[in-house]
Amino acid sequence: MCTLRFARSLGFALIPLATCCIVANVLMFYPGGYSNYVREEHITKYAWSFMGIVGGGLAVFLPAAVFVSMGKCADSCGTETYAMCGSVMAALVGLSGSLYCCVVSVLALLHGPYCFTTYGWQYRFRNEGGTYLFHRETWSECIQPSKIVEWDVTLLFIMLCLSALESIICALQLLSGIVNAVCRPCCYKQEYSLNP
């Protein structure tokens, strides 16, 4: 029962993280709160990868739902071992989604925002390897959307941190599920062999 309570608490922790990832990704389509940039297709290509919506969001809601309903699953499946096996599969889905969100967020941060400069629409910081993050004086070279560098960097950093937390939580349940699914039957067999 202790492992079920642990899984449920992890599931409840994943729900707000996944929700915030979805919101952050959606906000990337509306820099400064304006919708005209998405209509004119002046949004970074990384926003269209849906790393926060699909990776850090929907793919993480699945394990969250499985972890939260672990007690009911254990009752209907008959044993806690089967429930743990299911949680391992769900944790793998969540881990892959959150890692996808992490990787794409890092790539987007290194690439920089898509913005209008004196040379037209471009990825102004594409070839700088992320050094622009430490040189705020260069951010003003992006004229439109207004304060796009701050907007993108903030949202990408939020998604990076949240998806890193999601990865840790899913990895914890993955390890817990494997240990319980493998070790629990072995322990029961030993108990039966010791008690004639």
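Placed above this text is the structure.
Residues numbered from 1 in each chain as written. Predicted model: local features only at pLDDT ≥ 70, side-chain atom pairs only at ≥ 80, totals over all residues. Heavy atoms only, no water.

(A) Broad picture of the overall build of the chain. Tallying secondary structure elements over the chain gives 6 helices and 2 strands in all. Listing the helices and strands of the chain from first to last along the sequence gives α-α-α-α-α-β-β-α. Relative to its full complement of 196 residues, the chain shows a buried share of 45%. In the form shown here, the chain has an accessible surface area of approximately 10,300 Å², with 69% of it arising from carbon and sulfur atoms. (Helix = DSSP H or I, 4+ residues; strand = E, 2+ residues; numbered from the N terminus. Buried < 20%, exposed > 50% of the residue type's maximum accessible area, 1.4 Å probe, protein only. Areas by Shrake-Rupley, 256 points an atom, 1.4 Å probe, with all protein chains shown as cover.)

(B) Examining the nonpolar core more closely. The biggest cluster of nonpolar side chains holds 27 residues, and the ones touching the most others in it are Met28, Met51, Val149, Leu156 and Met159. Elements represented by at least two residues in this core include exactly helix H2 (36–39), helix H3 (51–68), helix H5 (80–111) and helix H6 (148–194). Residues in contact with methionine 51, not counting those within four places in the same chain, are Asn25, Met28, Tyr46, Gly56, Tyr100, Cys101, Val104, Ser105, Leu156 and Met159. Ranked by size, the runner-up nonpolar core spans 20 residues in total, among them Leu4, Ala18, Ala64 and Ala90. (Core = buried A, V, L, I, M, F, W, Y, C linked by side-chain atoms within 4.5 Å. Contact = heavy atoms within 4.5 Å.)

(C) Inspection of the state of the cysteines at higher detail. Going through the model one piece at a time under the given rule, you end up with 1 disulfide. Each sulfur of the disulfide joining cysteine 115 and cysteine 142 lies 2.0 Å from the other. Judged by the torsion about the S-S bond (-50°), the cysteine 115/cysteine 142 disulfide is left-handed. With a gap of 27 residues between them, cysteine 115 in strand S1 (residues 114–117) and cysteine 142 in the loop between strand S2 (120–123) and H6 connect regions that are remote in the sequence. A single burial state applies to cysteine 115 and to cysteine 142, both of which are buried. No disulfide involves cysteine 101; its nearest neighbouring cysteine sulfur is the one of cysteine 21, lying 4.5 Å away. (Disulfide = S-S within 2.5 Å.)

(D) Representation of H3 within the structure. Counted at 1.5 Å a residue, the expected span for H3 with its 18 residues is 26 Å, and the 24 Å between its end C-alpha atoms agrees. Roughly 30° is the biggest bend found in H3, and it falls at phenylalanine 61, with proline proline 63 one to four residues downstream. Along H3, the positions that sit buried rather than exposed are Met51, Gly52, Ile53, Gly55, Gly56, Gly57, Ala59, Val60, Pro63, Ala64, Phe67 and Val68. (Expected span 1.5 Å × (residues − 1). Bend = angle between axes of the 7 residues up to and from the residue.)

(E) Seen up close, unusual backbone geometry. With an omega of -15°, the peptide bond between glutamine 144 and proline 145 qualifies as cis. As for its placement among the helices and strands, proline 145 is situated in the loop between S2 and H6. Although it is not a glycine, phenylalanine 50 sits at a positive phi angle of roughly 55°. The class of phenylalanine 50 is partly exposed, set by a relative accessible area of 31%. One non-glycine residue, lysine 147, lies in positive phi territory at about 55°. Tracing the backbone shows lysine 147 in the loop between S2 and H6. Using a relative accessible area of 58% as the deciding quantity, one classes lysine 147 as exposed.

(F) Layout of the pattern of salt bridges. Within the structure shown, the criterion is met by 2 salt bridges. The shortest N-O distance in the salt bridge between arginine 124 and glutamate 141 comes to 2.4 Å. In this pair, arginine 124 sits in the loop between S2 and H6 while glutamate 141 sits in the loop between S2 and H6, placing the two residues 17 residues apart along the sequence. Look at arginine 124 and you get partly exposed, because its relative accessible area is 23%. In this structure glutamate 141 comes out as partly exposed when scored by relative accessible area, which is 34%. Here the salt bridges share partners, and the residues they tie into one network are Arg124, Glu128 and Glu141. (Salt bridge = Lys/Arg side-chain N within 4 Å of Asp/Glu carboxyl O.)

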